[in-house]
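# An overview of the molecular structure
Listed below are the residues making up each chain.
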Amino acid sequence: SQTIHQWPATLVQPVGSPLSLECTVEGTSNPNLYWYRQAAGRGLQLLFYSVGIGQISSEVPQNLSASRPQDRQFILSSKKLLLSDSGFYLCAGGGTGNPEAFFGQGTRLTVV
Amino acid sequence: AQTVTQSQPEMSVQEAETVTLSCTYDTSENNYYLFWYKQPPSRQMILVIRQEAYKQQNATENRFSVNFQKAAKSFSLKISDSQLGDTAMYFCAFMKLGSNTGKLIFGQGTTLQVKP
């Protein structure tokens, strides 16, 4: 079955520090991959998606970037974190035969 | 652009009773999917039920069923015989059919509390 591994589970970072969140996929190949952010008590906002290696689309302008160096690896990065980057980040996959997306367990990022 | 609206930020229900969560959406697409996801305190997103827009029959999954009204662009979730484990945040989500399978537009979520 399709599985997304996402780490770390929690992260506390100072303002101005860099960020790297990684997501890897098992059990399928050539998935569509997505980064979502969930602010406290709010819905999920799509940040980036990728339909293949090196292909990144950004949904909202922001302080973050994404990369897909391998088919089953998706990375969310920032050179300098802002307080507003705090939130819960979810990696998701899709396009593998089923219409529904499958999710990682998320990373809770707190920028202090 | 598609939008999804959940107008009930919080709801509560007594154990064993029935509760309905509301969702409306806006789209000009004709072919799409609608989903309900559950996010318990663990924050793991769990698919509850899905509905294909081209199907008139409402989807059901055990105690969970939907009332899909395509013309009204309404997609409500009914939970029967509510259990304590149903306590979670519930998200309604829209997905257009096409190459970006998995690209979801989410509502704001409804926090459901099941009381003993």
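Everything below is about the structure shown above.
Residues numbered from 1 in each chain as written. Chains lettered and ligands numbered in written order. Predicted model: local features only at pLDDT ≥ 70, side-chain atom pairs only at ≥ 80, totals over all residues. Heavy atoms only, no water.

## With respect to the overall build of chain A
- Each helix and strand counted, chain A has 0 helices and 11 strands in total.
- Whereas a compact globule of 112 residues would reach a radius of gyration of roughly 13 Å, chain A reaches 13 Å, a difference of no more than 12%.
- Along the first, second and third principal axes, the C-alpha atoms of chain A reach 40 × 30 × 20 Å.
- In chain A, the share of contacts with a sequence separation of at least 24, taken over all contacts with a separation of at least 6, comes to 54%.
- Counting only carbon and sulfur atoms, one obtains 50% of the accessible surface of chain A, whose full area is about 5100 Å². (Helix = DSSP H or I, 4+ residues; strand = E, 2+ residues; numbered from the N terminus. Rg over C-alpha atoms; globule rule 2.2 N^0.38 Å. Contact = heavy atoms within 4.5 Å. Areas by Shrake-Rupley, 256 points an atom, 1.4 Å probe, with all protein chains shown as cover.)

## Comments concerning the nonpolar core
Residue and element names in this part refer to chain B.
- Of all hydrophobic cores here, the largest spans 25 residues; its most connected members are Y25, W36, F75, L77 and Y90.
- Secondary structure elements with two or more residues in this core: strand 3 (19-21), strand 5 (32-39), strand 6 (46-52), strand 8 (64-69), strand 9 (74-79), strand 10 (88-96) and strand 12 (110-115).
- The biggest single contributor to this core is strand 10, with 4 residues.
- Those residues in contact with F75 that lie beyond four places of it in its chain are L21, C23, Y25, L34, F35, W36, Q51, V66, N67, F68 and C92. (Core = buried A, V, L, I, M, F, W, Y, C linked by side-chain atoms within 4.5 Å. Buried < 20%, exposed > 50% of the residue type's maximum accessible area, 1.4 Å probe, protein only.)

## Regarding the packing of aromatic side chains
- With the rule as written, the count across this model stands at 16 aromatic pairs over all chains.
- Between F103 of chain A and Y37 of chain B, the ring centres sit 5.4 Å apart and the planes meet at 80°, which makes this aromatic pair edge-to-face. Of this pair, F103 of chain A sits in strand 10 (residues 102-103) while Y37 of chain B sits in strand 5, which puts the two residues in different chains.
- By relative accessible area, Y37 of chain B is classed as buried at 1%.
- An aromatic cluster is defined as three or more aromatic residues linked by ring pairs; in this entry it consists of Y34, Y36, Y49 and F103 of chain A together with Y33, F35, Y37, F91 and F106 of chain B.
- The ring of F88 of chain A is capped by R43 of chain B, whose NZ or CZ atom sits 4.0 Å from the centre of that ring. (Phe/Tyr/Trp six-rings, centres within 6.5 Å; stacked < 30°, edge-to-face > 60°. Lys NZ or Arg CZ within 6 Å of the ring centre and 35° of its normal.)

## Topic: the pairing of strand 12 of chain B
Residue and element names in this part refer to chain B.
- The alternating pattern of strand 12 places T110, L112 and V114 on a buried face, while none of T111, Q113 and K115, on the opposite face, is buried.
- As defined by bridge partners, strand 2 (residues 10-14) adjoins strand 12 across 5 bridges and the pair is classed as parallel. Bridging from a neighbouring strand, V13 pairs with V114 of strand 12. (Pairing = 2+ DSSP bridges.)

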